[in-house]
Amino acid sequence: DGGVAKAMALIPRGDFVPEGQQSEAYLDCPLAIPQLGFNISAPHIHATCLEKLKLEPGHDFLDVGCGCGLVTCLGAYLVGKSGTSVGIEINSAALNVSRRNARTFRAKSQDFAREACEVSFEK
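Residues numbered from 1 in each chain as written. Predicted model: local features only at pLDDT ≥ 70, side-chain atom pairs only at ≥ 80, totals over all residues. Heavy atoms only, no water.

Caption draft 1: Looking closely at the layout of surface pockets. Its boundaries defined by the atoms lining it, the largest pocket holds a volume of some 220 Å³. Lining the largest pocket we find 19 residues, and of these Ser-41, His-46, Asp-63, Gly-65 and Val-71 sit closest to its centre. Elements with a minimum of two residues in the lining of the largest pocket: β2 (38-40), α2 (43-53), β3 (60-64) and α3 (70-79). Classifying every residue of the lining of the largest pocket gives twelve nonpolar, six polar and one charged. (1 Å grid on protein atoms, 1.4 Å probe; cavity = no way out; pocket = protein on both sides within 12 Å on 5 of 7 lines; lining within 4 Å. Points joined across faces, edges and corners; volume = space filled by probe spheres on them. Helix = DSSP H or I, 4+ residues; strand = E, 2+ residues; numbered from the N terminus. Nonpolar A, V, L, I, M, F, W, Y, C, P; charged D, E, K, R; others polar.)

This is the structure:
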């Protein structure tokens, strides 16, 4: 799907991976984040799931177990300004990381800030 590929190119996994694990950020495999108690799924899993959802502008997207916030941000881009994207996470440390990652990425990427809806994260 062109939209998912574009979203994944715009929103790099490396921006959501802890600094000490950057060498693994672009491997197509799950990435354990033991210090925060979660895993980041392999990029092909993210792509497959997002493609199956067929997200379009105006849709609502819920990311359960949002971890680092990457998929929540991908969803925000795919549903656009007229949609909603919410990440749910029970792990407080991960929730803080996802919020920080989304804030940092929005400030860094003019394209994301212009085209994606606001993301919200809840426990």
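That covers the picture; the talk isn't over yet.
Caption draft 2: Fine view of the sheet that holds strand β4 (residues 84-88). If you walk across this open sheet you meet the three strands as β3-β4-β5, and the pairing is parallel. Single-partner strands in this sheet number two, and they are β3 and β5 (119-122). Averaged over all adjacent pairs, the angle separating strand axes in this sheet is 20°, with direction ignored. For β3 and β4, the ladder comprises five bridges, and the chain directions are parallel. Bridge pairing in β4 links Leu-62 to Val-86. (Pairing = 2+ DSSP bridges. Axes fitted to C-alpha atoms, helices over the stretch in contact; angles between N-to-C directions.)

Caption draft 3: Region of the structure containing the pattern of salt bridges. This model, assessed by the stated rule, comprises four salt bridges. Of the charged contacts, one joins Arg-114 and Asp-111 as a salt bridge, the two residues approaching to 2.3 Å between their closest N and O atoms. Placement of the pair is Arg-114 and Asp-111 together in helix α5 (residues 110-115), with a separation of three residues, close to one helical turn. Note on Asp-111: relative accessible area 35%, which makes it partly exposed. With its nearest N and O atoms 3.6 Å apart, the salt bridge here joins Glu-115 to Arg-114. A residue is classified by how much of its surface remains accessible, and Glu-115, at 30% relative accessible area, is partly exposed. One connected set of salt bridges, linked through shared partners, spans Asp-111, Arg-114 and Glu-115. (Salt bridge = Lys/Arg side-chain N within 4 Å of Asp/Glu carboxyl O. Buried < 20%, exposed > 50% of the residue type's maximum accessible area, 1.4 Å probe, protein only.)

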